[in-house]
Amino acid sequence: MSNDNLFVALRAGFPADLDATAVETDDGLAYSWRDLDRATAMMANLLQSLDIPASPDGVPPRVAVQVEKSVEAMLLYLATLRAGFAFLPLNTAYQSAEIEYFVGNAEPAVVVCSSKNFNWVSKLAFKAGARHVFTLDDDRTGSLLERAAHCSDRQTPAVRRADDLAAILYTSGTTGRSKGAMLSHGNLLSNARMLQDYWGWQKGDVLIHALPIFHVHGLFVAIHGALLNGSKMLWMGKFDPKRAIAYMPRATVFMGVPTLYVRMLAEPALDREQAARMRLFISGSAPLLLETFNEWKERTGHTILERYGMSETIMLTSNPYQADARYGNQSDRRGGTVGFPLPGVQLRVQDDGGQPMPAGEIGGIQVAGPGVFAGYWRMPEKTAEEFTADGFFKTGDVGLQDERGYVTIVGRSKDLIISGGYNVYPAEIEGYLNELPGVAESALVGVPHPDFGEVGVAVVIAKPGAQLSGDALLAELKARLANFKIPKRCFIEAELPRNTMGKVQKNLLRERHKGLFAA
Ligand code: MLC
Ligand code: AMP
């Protein structure tokens, strides 16, 4: 019987010499391919030994993980696949209210957290029905590794079909609570294989792994790319521009959000010589300013390849790595665009009435293809709302496709701020602000920022007689929410601008505050 478990395909990408180095860390540790194989076997055996009752609907048990970035955290992801469980990564910045929602909604059987958070995380996890809570720290300690150390280092990967659940990534749409995008083994593998080909992964490639591993970019695009190609990773626990530049002479591929490029450009050590051995710089997750694209080319001689994707779809478009015969053999990477729909991706631009837009005209971007998720975890109505009758997913991004095939994102119809590559949902922050004493109403808008690209600014209206301070409100939010979601400024104003329908005119607020962080 064939096994469509993603782990099997990734394992098949390991080189023949299992003693070669697979991952090197900032503190000089080296993991061989054999280490990766054995450690994932041990962790998978641990997961499978936990005596978790099978779900009547056949849905695999979920493993929710909120830990600092480490090679062991990546191994836990791979072990989860290997055991046939589903992986649910959580941003390390999330605080208790956020974690409570995710574990309450996903009902993981296993939760893994940092030991410093064990007390509060385990309480929430057990309340939500989890059966096991382990710890894992970024210094290779914790109960997960202690327990796994007693398990066999041989394991046969669980048999999974291509459409079986492999991971749940929480994301928010236009309104309401966060939704869990369900990605299957087949979604992830088809996207990874296609990118391996499209980006010309080759023997000898070495990836600088600089991103967090709780989102699509660092977890799937980067890790799958390297593993499938049997490529070594230079593993950064935390992005540091100086160190990333220092790694370049030993590497060939770098993936980052635009903020990482902006920070590296601020380093005098970045020059052509330092980047000479690099083959490919990839940017995504947020718009790359043309100015950054041009400056990078000037300083390093490399043209950044910008691509576009989402949690629900994995990668959708990419500028070409080399000539793309589908588009008249064009091979130029055009700054300000996100390139062509990737092979297998169907992309169309429509107006609000569902009519296709002619080339060059702006509309809503809709997509279909093998990477597109099956739906949101236990939210069939939300899933139905986000798909068209003929099966296309409505991305919520607004853009155009020109006559030559290049796609450009010009905005979003969803109310979303992308700050340093992290998504901030105004509706969520406004909900928290509105509950604070003395707040009548609030609005959060995104304004340009030289480092994060875009950051949130809050405008708050006080209840009659209430005396509010913007800084005090931000301090209250800070106690409740992940730090990257905290607005960078908070203004107390007399009223929110509204249109005749009573809808807040966020565009006017954005206009009013757009110069706040001018470079
Ligand atoms: C950190 N801070 C941020 C922030 N990151 N504020 C706004 N936006 C962000 N992204 C704030 C913290 O709140 C804190 O403020 C201060 O900066 C220092 O925190 P830090 O954690 O030390 O920051 P730093 O290490 O500098 O982090 C910056 C960063 C990080 C750019 C390295 O944000 C990052 O790794 N971003 C990448 C996100 C990513 O991987 N996205 C991919 C999503 S996948 P204070 O006031 O508390 O001190 C996706 C699909 C696709 O979108 O297409 O790929
Ligand atoms: P996420 O929900 O975290 O997966 O974020 C997905 C969103 O990030 C997309 O819907 C886009 O709005 C945005 N995004 C990703 N890549 C790009 C890009 N290259 N340019 C502009 N926006 C992007």
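Residues numbered from 1 in each chain as written. Chains lettered and ligands numbered in written order. Predicted model: local features only at pLDDT ≥ 70, side-chain atom pairs only at ≥ 80, totals over all residues. Heavy atoms only, no water.

A.B. asks: Give a description of the site of ligand 1 that names residues and reports values.
C.D. replies: The local shell around ligand 1 holds 23 residues, among which K238, R263, S285, R307 and S419 are the closest. Within the side chain of R263, a nitrogen or oxygen atom sits 2.6 Å from an oxygen atom of ligand 1. Backbone polar atom of G309 to an oxygen atom of ligand 1: 3.2 Å apart, as the coordinates give it. For ligand 1, the protein covers 76% of the area, taking 1,000 Å² as the surface of the free molecule. Those elements that place two or more of their residues in the shell around ligand 1 are α8 (216–228), α10 (258–265) and β13 (305–310). Mapped onto the domain boundaries, the shell around ligand 1 takes at least three residues apiece from domain 1 (6–238) and domain 3 (417–513). (Near = heavy atom within 4 Å. Polar contact = N/O pair within 3.5 Å; in protein donor to acceptor, adjacent residues only side chain to side chain. Areas by Shrake-Rupley, 256 points an atom, 1.4 Å probe, with all protein chains shown as cover. Helix = DSSP H or I, 4+ residues; strand = E, 2+ residues; numbered from the N terminus. Domains from an automatic or database assignment.)

A.B. asks: Please provide a residue-by-residue account of the site of ligand 2, values included.
C.D. replies: Neighbouring ligand 2 are 16 residues, the closest being E306, R307, S311, D397 and K414. Contact between ligand 2 and S311: an oxygen atom at 2.6 Å from a main-chain N or O atom of the residue. In the environment of ligand 2, an oxygen atom lies 2.9 Å from a nitrogen or oxygen atom belonging to the side chain of N423. The protein chains hide 92% of the 500 Å² of surface that ligand 2 would expose on its own.

A.B. asks: Tell me about the packing of helix α4 (residues 96–106) against helix α5 (residues 118–127), and please be specific about residues and values.
C.D. replies: The N-to-C vectors of α4 and α5 enclose an angle of 30 degrees; their axes lie 9 Å apart at closest approach. Here α4 lies roughly parallel to α5, going by the angle between them. Considering the relative orientation of α4 and α5, their crossing is right-handed. Between α4 and α5, the contacting residues are S96, I99, E100 and V103 on the first element and W120, L124 and K127 on the second. Residues belonging to the contact of α4 with α5 are distributed by class as follows: 4 nonpolar, 1 polar and 2 charged. (Axes fitted to C-alpha atoms, helices over the stretch in contact; angles between N-to-C directions. Parallel < 35°, antiparallel > 145°, perpendicular 65-115°, else oblique. Left-handed = near helix turned anticlockwise from the far one by under 90°. Contact = heavy atoms within 4.5 Å. Nonpolar A, V, L, I, M, F, W, Y, C, P; charged D, E, K, R; others polar.)

A.B. asks: Describe the packing of aromatic side chains, and please don't skip the residues or the numbers.
C.D. replies: Enumeration according to the criterion identifies 20 aromatic pairs in this entry. Ring centres of F373 and F393 lie 5.2 Å apart, and the angle between their planes is 80 degrees; on these two criteria the pair is classed as edge-to-face. With F373 in the loop between β17 (363–368) and β18 (375–376) and F393 in strand β19 (residues 393–401), this residue pair connects regions lying 20 residues apart in the sequence. When sorted by exposure, F373 lands in the same class as F393, which is buried. Members of the aromatic cluster, each reached through a chain of ring pairs, are Y94, Y101, F102 and Y170. Directly above the ring of Y376 sits K179, whose terminal nitrogen or CZ lies 4.8 Å from the centroid. Lying over the aromatic face of F392, R348 brings its terminal NZ or CZ to 3.7 Å of the ring centre. (Phe/Tyr/Trp six-rings, centres within 6.5 Å; stacked < 30°, edge-to-face > 60°. Buried < 20%, exposed > 50% of the residue type's maximum accessible area, 1.4 Å probe, protein only. Lys NZ or Arg CZ within 6 Å of the ring centre and 35° of its normal.)

None of the figures reported here should be taken as evidence of function without further support.
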